[in-house]
Amino acid sequence: MTYYLEDNFFENKEGYLKFQGFPYSQLFEFQRTQYGGSKLQNHGFNSRANDEFANKTNLDVSRPLIVKNSGKYLIHPDYIYVKNKDISKAVIDVIKAYQQILYAKDYAFAGKLQQLQTLTDIFQKKETLKLFLNEDSEARIFEIISYAILETHYKNQVIYFGWTLEDLQQEHLQLYKTGRTNANDGGIDFVMRPLGRFFQVTEVDSYDKYFLDMDKVNHFPLTFVVKTTQEKETIYQELLDYGTKKSGGLHILEEQYHRAVEEVITINELLEWMSDLDEKDIDFLINEIDRYFRMEMNIE
């Protein structure tokens, strides 16, 4: 028997659900027509979908959600049939409902940004910004807001830079966002000039991810911007302890892991630095949040 999924999928002879035999390029183009899909990169079709699925469900990783086969993508039948019943229609309904939730949430935040830009009192602006910055903040929103705060905080700091003592010149620190959130950036979310610092935004759910980022950049020192209200000293020490454990007794590797943790910044520091900003900087910060949110959501 052949099962259809909105006339786009069919079951092949191996029992996997297949996207009409279309080559990858067409599947990618179909995905880009969906809400939130216009800026997704191809790594989302590869290991990330399987890794996130296994992480969220704690299921057997030997049965991946998506199976790659000669450039085509197959959905494992164990996740399509439940007690011999085809649940593909329900899967599509869930995906569509999730898209509507994303749409409503994204545009609700856009509305809050518009309201924020109409405020004239600096205290009200800061109090409203604080509401956006907490442990329950959506990951993309947290990355955008944390970037805007860090960019504004660092741009007021001056260093002296030059080839010789006689050539030293005053320069302001500049922070750059490397791309959209969830980009395949090799573990670098923000980059600072002229110091050459790397920043990675993350959560405290699993320290394995932190060390994966360290490995990606060959143990170049990373500053972790963590979505937590725990004390930064606690997170920093836990990272060092985890690095010691992960090194397996190899002192050289332990030193590399320890040196790779340059600094930890938490919500506490972000709120403190934002509170110190004057009205001009607060307005700059708000405009940066709006600019990068529009870029993220592809809003003209």
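Residues numbered from 1 in each chain as written. Predicted model: local features only at pLDDT ≥ 70, side-chain atom pairs only at ≥ 80, totals over all residues. Heavy atoms only, no water.

*Asks:* So what's going on with the packing of helix α4 (residues 122-132) against helix α9 (residues 267-275)? Residues and values would help.
*Replies:* Contact pair α4 / α9: the axes reach a minimum separation of 11 Å and the direction vectors enclose 165°. The pairing of α4 with α9 is recorded here as roughly antiparallel in orientation. For the crossing formed where α4 meets α9, the hand is right-handed. Every residue of α9 that contacts α4 at Lys 126, Leu 129 and Lys 130 is listed here: Leu 271, Met 274 and Ser 275. Here the contact of α4 with α9 is built from residues that sort into three nonpolar, one polar and two charged. (Axes fitted to C-alpha atoms, helices over the stretch in contact; angles between N-to-C directions. Helix = DSSP H or I, 4+ residues; strand = E, 2+ residues; numbered from the N terminus. Parallel < 35°, antiparallel > 145°, perpendicular 65-115°, else oblique. Left-handed = near helix turned anticlockwise from the far one by under 90°. Contact = heavy atoms within 4.5 Å. Nonpolar A, V, L, I, M, F, W, Y, C, P; charged D, E, K, R; others polar.)

*Asks:* Please set out the environment of Tyr 154 residue by residue, giving values where relevant.
*Replies:* Here Tyr 154 shows up in helix α5 (residues 139-155). Its relative accessible area of 5% is what places Tyr 154 among the buried residues. Residues Tyr 154 and Gln 174, spaced 20 residues apart in sequence, show a C-alpha to C-alpha distance of 6.7 Å. The contacts of Tyr 154, once residues within four sequence positions are left out, are Leu 173, Met 192, Arg 197, Phe 199, Ile 265 and Trp 273. (Buried < 20%, exposed > 50% of the residue type's maximum accessible area, 1.4 Å probe, protein only.)

*Asks:* Describe helix α8 (residues 251-260), listing the residues and the values that go with them.
*Replies:* Along α8, the positions that sit buried rather than exposed are Glu 254, Tyr 257 and Ala 260. The arc that holds every buried residue of α8, seen down its axis, measures 130°, which confines them to one face. Relative to its buried face, α8 has exposed residues pointing more than 90 degrees away, namely His 251, Ile 252 and Arg 259. In this fold, the buried residues of α8 make contact with α6 (207-216), β13 (222-226), α7 (232-246) and β14 (261-265). (Arc of directions from axis to C-beta.)

*Asks:* Please set out the sheet that holds strand β12 (residues 197-202) residue by residue, giving values where relevant.
*Replies:* On the basis of which strands lie adjacent, the open sheet formed by five strands has the order β10-β11-β12-β13-β14 and mixed pairing. Edge positions in the sheet fall to β10 (174-177) and β14, since each has one partner strand and no second. Here the average twist between neighbouring strands, direction ignored, is 25°. Where strand β11 (residues 190-193) meets β12, three bridges bridge the pair, whose relative direction is antiparallel. (Pairing = 2+ DSSP bridges.)

*Asks:* Tell me about the packing of aromatic side chains, and please be specific about residues and values.
*Replies:* Applying the stated rule across the entire model yields 14 aromatic pairs. Measuring from centroid to centroid gives 4.4 Å for Phe 198 and Phe 220, while their planes differ by 35°, and the two rings are tilted. Residue Phe 198 is found in strand β12, and its partner Phe 220 is found in the loop between α6 and β13; the two are separated by 22 residues along the sequence. Through pairs of rings, three or more aromatic residues link up here, namely Tyr 147, Tyr 154, Phe 190, Phe 199, Trp 273 and Tyr 292. (Phe/Tyr/Trp six-rings, centres within 6.5 Å; stacked < 30°, edge-to-face > 60°.)

*Asks:* Give me a nonpolar patch on the surface: which residues, what numbers.
*Replies:* On the surface, Val 158, Tyr 160, Leu 165 and Leu 168 cluster together into a nonpolar patch covering about 430 Å² of accessible area. Note on Val 158: relative accessible area 34%, which makes it partly exposed. (Patch = residues over 30% accessible without salt bridge, like charges linked within 9 Å, V, L, I, M, F, W, Y side chains within 5 Å. Areas by Shrake-Rupley, 256 points an atom, 1.4 Å probe, with all protein chains shown as cover. Salt bridge = Lys/Arg side-chain N within 4 Å of Asp/Glu carboxyl O.)

*Asks:* Tell me about the environment of Met 295, residues and numbers included.
*Replies:* Inspection of the secondary structure assignment puts Met 295 in helix α10 (residues 279-297). Here Met 295 falls in the partly exposed class, since its relative accessible area comes to 35%. Sequence separation of Met 295 and Gly 179 is 116 residues, and the distance between their C-alpha atoms is 9.6 Å.

*Asks:* Please give an account of α5 that cites residues and values.
*Replies:* In this model α5 runs 24 Å from its N-terminal to its C-terminal C-alpha over 17 residues, within 8% of the 24 Å that 1.5 Å per residue would give. Within α5, 15 of the 17 residues are buried, leaving the element largely enclosed by the surrounding structure. (Expected span 1.5 Å × (residues − 1).)

*Asks:* Can you break down the pattern of salt bridges residue by residue, with the values?
*Replies:* For the structure shown, the criterion picks out 14 salt bridges. Between Asp 281 and Lys 155 there is a salt bridge, with its nearest N and O atoms 2.9 Å apart. Of this pair, Asp 281 sits in helix α10 while Lys 155 sits in helix α5, and the two are 126 residues apart along the sequence. The exposure class of Lys 155 is partly exposed, given its relative accessible area of 26%. It is possible to trace a salt-bridge network through shared partners that takes in Asp 106, Glu 138 and Arg 140.

*Asks:* A description of the confidence of the model for the chain should follow, citing residues and the corresponding values.
*Replies:* Looking at the chain, the pLDDT average stands at 82 and 79% of residues meet or exceed 70. Predicted confidence is poor over residues 1-24, with pLDDT under 50, and the contacts of this stretch with residues over four places away or in other chains come to 63 contacts. (pLDDT = per-residue confidence, 0-100.)

*Asks:* Outline the nonpolar core, supporting the account with residue identities and numerical values.
*Replies:* Note that soluble globular proteins tend to have their nonpolar side chains buried in a common cluster. Residues Leu 129, Leu 150, Phe 199 and Ile 289 are the most contacted members of the largest nonpolar core, which totals 37 residues. At the level of secondary structure, the elements contributing two or more residues to this core comprise α3 (88-118), α4, α5, β11, β12, α9 and α10. In terms of residue count, the dominant contributor to this core is α5 (nine residues). Of all hydrophobic cores here, the second largest spans 16 residues; its members include Ile 188, Tyr 207, Leu 239 and Val 261. (Core = buried A, V, L, I, M, F, W, Y, C linked by side-chain atoms within 4.5 Å.)

*Asks:* Give me the pairing of β12: which residues, what numbers.
*Replies:* Burial analysis of β12 places six of its six residues in the buried class, which makes it a mostly covered element. Burial along β12 is two-sided: the face carrying Arg 197, Phe 199 and Val 201 and the face carrying Phe 198, Gln 200 and Thr 202 are both buried. In this antiparallel pair of consecutive strands, β11 and β12, the connection spans three residues, and Gly 196 shows a positive phi of 75°. Across five bridges, β12 lies against β13 in parallel orientation. When the sheet's bridge partners are listed, Phe 199 is paired in β13 with Thr 223.

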